[in-house]
Amino acid sequence: MRISRPVCLLLLTALCMAGFCFGFTRENYDYMSAILPEPEIQIPATAEEPAPPSLHAAYACVMDGDSLRILYGKDTDKKVPMASTTKIMTAILVLESGRTEEIVTASARACSMPKVHLGMQKGEQFLMMDLLHSLMLESHNDTAVAIAEHMAGSVEAFARQMNEKAKILGMKNSHFVTPNGLDAEGHGSTAADMCRLAAYAIQNQDFLNLIQTKHYTFSNNKGTRTFSLTNRDAFLSYYDGALGIKTGFTGKAGYCFVGAAKRKDNTLTSCVLASGWPPNKSYKWTDTKQLMDYGFEHYYTSELPLQNLSLVRIPVEDGKKDYVSCLSPEKTRTLLSRFDTLTIRYDLPEKLYAPIQENTPIGTVSYYINDTLFRKDSVFPSETIEKSDFSDTIKFVLNSWMELFV
């Protein structure tokens, strides 16, 4: 018997109404259960933590230059004077400004700075790039003040720029007062913050070229005086993979050194503050070697494990599709040791509600190293799913009834 179209429409409407009456809606029809990854995976340590380095420094840190994770530290967050390692910040601000070809005029204030100094004369002019070599190779204090005044109009204004940059870099326990690191009330940093600054600075190729220059000769702008510089960073010549960076000393700070080294794909930064006082000038080198050796010997590059999130199935309520899968975050490599415990936690919902946007995260993957949060990645749906309309519901109910009577 052939059923007319009006009758078909009436039957279809009746079926839809019946479907709603008997609960055949997307909200409570159990058409699929969630397929989710294991909520937590733990990879235990396989070795005991080695003995810590024996250091002269009162404050010390060695850090993964990529992830900024502290691999070993000694009072890493104590704010103390850091002497001429301050000049790392001074140099990087100039390099990033692009003003290295400008002419700098020495003021009376700059010329009054104590040794170690270039010996500027009031009114004498120099090329900024030449002064950067003076600043970083032989740590001249007058040069630092001349640079600061030229860059910002005054030492105080330049210090504000230094502090603004420190805040951006996450140097939470640092405060800059001088551009050269001479002892001043409130001027100080921490071993961890200086490692963080070093990790940032060595990403700048111009900075690397500057600190790795062994000898440099330049003249004042008139050519009436010539200056010859020698790099005072002994770390460059005796440590395998050394990148440099900067020494420092004042009566309050003691001997200091911020260093960086790279072997294969591993980059480490280190800092020692208050590493002895005269005559123990060599302590900072032996301390730095121990820190770097500790990092390179005990840590290796490893890929953080990740379950295949494309296999995930999360039911979608009121959507034009019944479920959605997930995109796996990009794989990450970092330094790990055999005495680290790694925990991976997945936080994904058992159900989602349409609409779903592919650029809106729906969960997270968190990595903990030794119970400390190391990294958290957002998890995104594999596609956008729009909210279903009435015609989609009719189709769904009709198909459901047809399945019951087949």
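These numbers come from a predicted model, not from an experiment.

Parameters and conventions
- Residues numbered from 1 in each chain as written.
- Predicted model: local features only at pLDDT ≥ 70, side-chain atom pairs only at ≥ 80, totals over all residues.
- Heavy atoms only, no water.
- Pairing = 2+ DSSP bridges.
- Helix = DSSP H or I, 4+ residues; strand = E, 2+ residues; numbered from the N terminus.
- Contact = heavy atoms within 4.5 Å.
- Core = buried A, V, L, I, M, F, W, Y, C linked by side-chain atoms within 4.5 Å.
- Buried < 20%, exposed > 50% of the residue type's maximum accessible area, 1.4 Å probe, protein only.
- Salt bridge = Lys/Arg side-chain N within 4 Å of Asp/Glu carboxyl O.
- Expected span 1.5 Å × (residues − 1).

Participant: So, the sheet that holds strand 17 (residues 352-353): which residues are in play, and what are the values?
Facilitator: The strand order across the open sheet built from three strands is 13-12-17, with neighbouring strands paired in mixed fashion. Two strands in the sheet have a free side with no partner beyond their single neighbour: strand 13 (323-324) and strand 17. Examined bridge by bridge, strand 12 (residues 314-317) and strand 17 share two bridges and lie parallel to one another. Paired with E317 across the bridge in strand 17 is Y353.

Participant: So what about the environment of R109? Which residues, and what values?
Facilitator: Along the chain, the position of R109 falls in helix 3 (residues 108-111). Apart from the residues within four sequence positions on either side, R109 is in contact with V145, E149, V155 and E156.

Participant: Which residues make up the nonpolar core, and what are the values?
Facilitator: One finds I88, M89, M136 and F207 to be the most contacted residues of the largest nonpolar core, which totals 64 residues. Excluding residues within four positions of it along the chain, M89 makes contact with M162, K165, A166, M171, F176 and L197.

Participant: Requested: an account of the pattern of salt bridges, with residues and values cited.
Facilitator: Going through the model one piece at a time under the given rule, you end up with 15 salt bridges. The salt bridge involving E156 is made with R109; its shortest N-O contact spans 3.3 Å. With E156 in helix 6 (residues 155-168) and R109 in helix 3, this pair connects stretches of sequence that are 47 residues apart. A relative accessible area of 41% places E156 in the partly exposed class. The class for R109 is partly exposed, based on a relative accessible area of 39%.

Participant: Mind laying out helix 6, listing which residues take part and the relevant values?
Facilitator: Its 14 residues place the ends of helix 6 20 Å apart at the C-alpha level, agreeing with the 20 Å of an ideal helix rising 1.5 Å per residue. Inspection of helix 6 places V155, A157, F158, A159, M162, K165 and A166 among the buried residues, and these make up the whole buried set. The inward-facing, buried residues of helix 6 abut helix 2 (87-97), helix 3, helix 5 (141-152) and helix 7 (191-201). Positive phi shows up at G170, right after helix 6, with a value of about 80°.

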